[in-house]
Amino acid sequence: MKKIIICFLLLLGITGCGKNQEDTLNVLNWSSYIPDSIIEDFEEETGIIVNYSTYSSNEELLAKISSAKEGTYDLIFPSDYMIELMINRDLLEPLDKSKLVNINNLKKEYLNLDYDKNNTYSLPFLATTTVIAVNRDHIKDNITSYNDLLNPNYKNNIVLLDDQRIVIGMANQALGYSMNTTNDLELKKAEEFLLDLKKNVKAYDSDSPKTLLITNEVDIGVMWNAEAALALRENPNIEIIFPKENGALSIDNYAIVKGAKHKDNAYKFIDYILRPEVMKQIIEEYPYINVNEETEKLLSSEYLANKAANIPDYIINQAEMVQNIGSNIDKYDKLWALIK
Amino acid sequence: MKDKLFKKIITIPVIVYALVLILLPLIYIFILSFLKSDSYGGVINVFNLGNYLKIFDMVYIKVFVQSFLIALVTTLICILIAYPFCLFISQKKKKTQTLLMALVILPFLTNSLIRTYGWIVLLRKEGVINTILLNLNIIDNPLSLMYNNLGIIIGMVYTLLPFMILPLYSSISKIDNRLIEASKDLGAGSMATFFKVIVPSTVTGLFNGSLMVFIPCIGYFFIADLLGGGKLMLLGNLIKNQFLTARNWPFGAAISITLLIITFVLVKLYKKTGGKMDDLGGF
């Protein structure tokens, strides 16, 4: 409902302010990623009107960017592997870092990563990693690994993400393979693992897996850390477990779309969010992993004490990232259709 | 003459609409289905039949079969609910009939996605239905009403039932009462009258309604995702996945075209039973 109201207001915004093209910024971002209050504050401070729309997967973003007319969107927030893919397809504009005063706030370990070696096209916004969340009111067993989820006692009691790369990657990791394996034999084993695990799966849900955990629909979930952190806020008896298989890491980035019409406004927006106190507000509302050095000093004790929000560095360092596997994606797609 | 010209002019927007928004995209999808994917969301211009052959892979045939089974069960349940309901309504006074039919259409005023979320509140483990039944000591353990195929069927039947009721009602309310009286006068019992007089004269409405329920049912992936827990892949999910996750637009296009052909065959069958095309979009 909230989304519908936002869309409606946006529509009003577009029609109302159409004539003043100079002072707008077209942002396309993940849903539930930046609180509305941040956008309002930015608009008030700069006089720029933000047209904000959302997507729920990198692939949806790619479809929107590649099918829309050049200049429709200015600022987007793709994840790591999607940045690489968009660079290859020439969809991004190189960033002029001299326009970003607050760029030095970013943590060094999130810069110059493989998907964009010199951060020519992107800068990190947030990071997230997969964790296992267990409701200790009902489950007392010791869980340390994805393999523990196969326990027949957990029948119909697990929620997983509805994301083929992450869930198949999880099976790959449980079996000791790379999350991104394309080896047929290994994927065959992953298929068996997932068919076995499916007996315990109540739902595949990427939108809001925490809801199933909070409403006692399931007692175990594998989800992105922010979802788990929010579930933990609701129910303190949820335990956060970092699977010994290392888990998955995803980094979302600022990027400017090729042919963007409001580049300067996009830089202003990025720079605004790079401010330590702005990032603090975002990260405390949506507790993902913070990539801003200066924000680190401001974070509330509530955030720091939340085990699912404040992820230890060693967990982040050992987690694997989704990689582009070219036409091998067909194997994953077929496997996904098979286990469903 | 003037009248004819006027008619032509006012149909131009509709023709343009159909050409630009229906025919052109269809042609695009059709051509796309013979091309090759570059797996980065792009398309290589090489003619091949690979996408259609790929559909015959067991994995994808399974998806077809699953979808058709769900659609079939949904259609049958819709008939079982809608038929007695329409018979009941058609016996009422004209005013009551209008009111009851308005109530059938009323849910359309709310977006179906929101209504589906409403079902989650009712059906989940600690939802309204389970809480009531548990408190009344009717059950000892919460029932699994969703995150399984039952949830999908409940959602599908609920969402698509009006599409069965509307054509069936128009068909049933057209039955000439004198036929029923004649049948009774000639000594037929109510069972015989029902199966030999009422049912045959509503076949068109029945088939029309079935078509309107069966075909959308195959594509309503959001119901399978929300109420089925994303555990069952329907054709709608498969097509969506091809266009998004797998970035294989040509394969997605080929599945869509196949689905379209199946729809055409069903519509042809419908016409064979004496159905009119007007009735399909006619309410």
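Treat the numbers as computed from the prediction; the structure is a model and nothing was measured.

1. Structural notes on the overall build of chain B
In terms of helices and strands, chain B carries 14 helices and two strands. Taking the principal axes of the C-alpha coordinates as reference, chain B spans close to 75 × 70 × 35 Å. The contacts in chain B between residues at least 6 apart in sequence include a share of 72% that link residues at least 24 apart.

2. Focus: the overall build of chain A
Scanning chain A for helices and strands turns up 14 helices and eleven strands. Taking 340 residues into account, the globule formula puts the C-alpha radius of gyration at 20 Å, and chain A, at 20 Å, falls close to it. Each of the three principal axes of chain A carries a C-alpha extent, and together these read 60 × 45 × 40 Å. Here chain A holds 340 residues, and 44% of them are scored as buried. Summarising the internal contacts of chain A: among those between residues at least 6 apart in sequence, 76% fall at separations of at least 24.

3. Quick word on the nonpolar core
Judged by nonpolar contacts, the single largest core of 152 residues is most densely connected at A:Ile76, A:Ala133, B:Leu160, B:Met164, B:Leu168 and B:Cys217. The dominant element in this core, judged by the number of residues it contributes, is helix α7 (residues 149-172) of chain B, at twelve residues. Three or more residues apiece are contributed to this core by two domains, here domain 1 (2-127 + 252-310) and domain 2 (128-248 + 317-339) of chain A. Setting aside anything within four residues of it in sequence, one finds B:Leu160 in contact with B:Thr74, B:Cys78, B:Val213, B:Pro216 and B:Cys217.

4. Details of the interface of chain A and chain B
Between chain A and chain B, the contact holds 28 residues from the first and 23 residues from the second. At the level of elements, α3 (58-67), α4 (80-88), β7 (201-204) and α14 (329-339) of chain A are the ones that each hand at least two residues to the side of chain A that touches chain B. Top element by residues in the side of chain A that touches chain B is α14(A). It accounts for six residues. Residues that form the side of chain A that touches chain B fall into these classes: nine nonpolar, eight polar and eleven charged.

5. Section: the environment of B:Leu80
Relative to the assigned elements, B:Leu80 resides in helix α3 (residues 58-90). With 124 residues separating them along the chain, B:Leu80 and B:Thr204 place their C-alpha atoms 16 Å apart.

6. Quick word on the confidence of the model for chain A
The share of residues in chain A with pLDDT of 70 or more is 94%, and the mean pLDDT across the chain is 91. The secondary-structure element of chain A with the lowest mean pLDDT is helix α1 (residues 2-17) of chain A, recorded at 48, while strand β3 (residues 75-76) of chain A shows the highest, at 97.

The rules behind each value
- Residues numbered from 1 in each chain as written.
- Chains lettered and ligands numbered in written order.
- Predicted model: local features only at pLDDT ≥ 70, side-chain atom pairs only at ≥ 80, totals over all residues.
- Helix = DSSP H or I, 4+ residues; strand = E, 2+ residues; numbered from the N terminus.
- Contact = placed C-beta atoms within 7 Å.
- Rg over C-alpha atoms; globule rule 2.2 N^0.38 Å.
- Buried ≥ 20, exposed ≤ 12 C-beta atoms within 10 Å, placed from the backbone.
- Core = buried A, V, L, I, M, F, W, Y, C linked by C-beta atoms within 7 Å.
- Domains from an automatic or database assignment.
- Nonpolar A, V, L, I, M, F, W, Y, C, P; charged D, E, K, R; others polar.
- pLDDT = per-residue confidence, 0-100.

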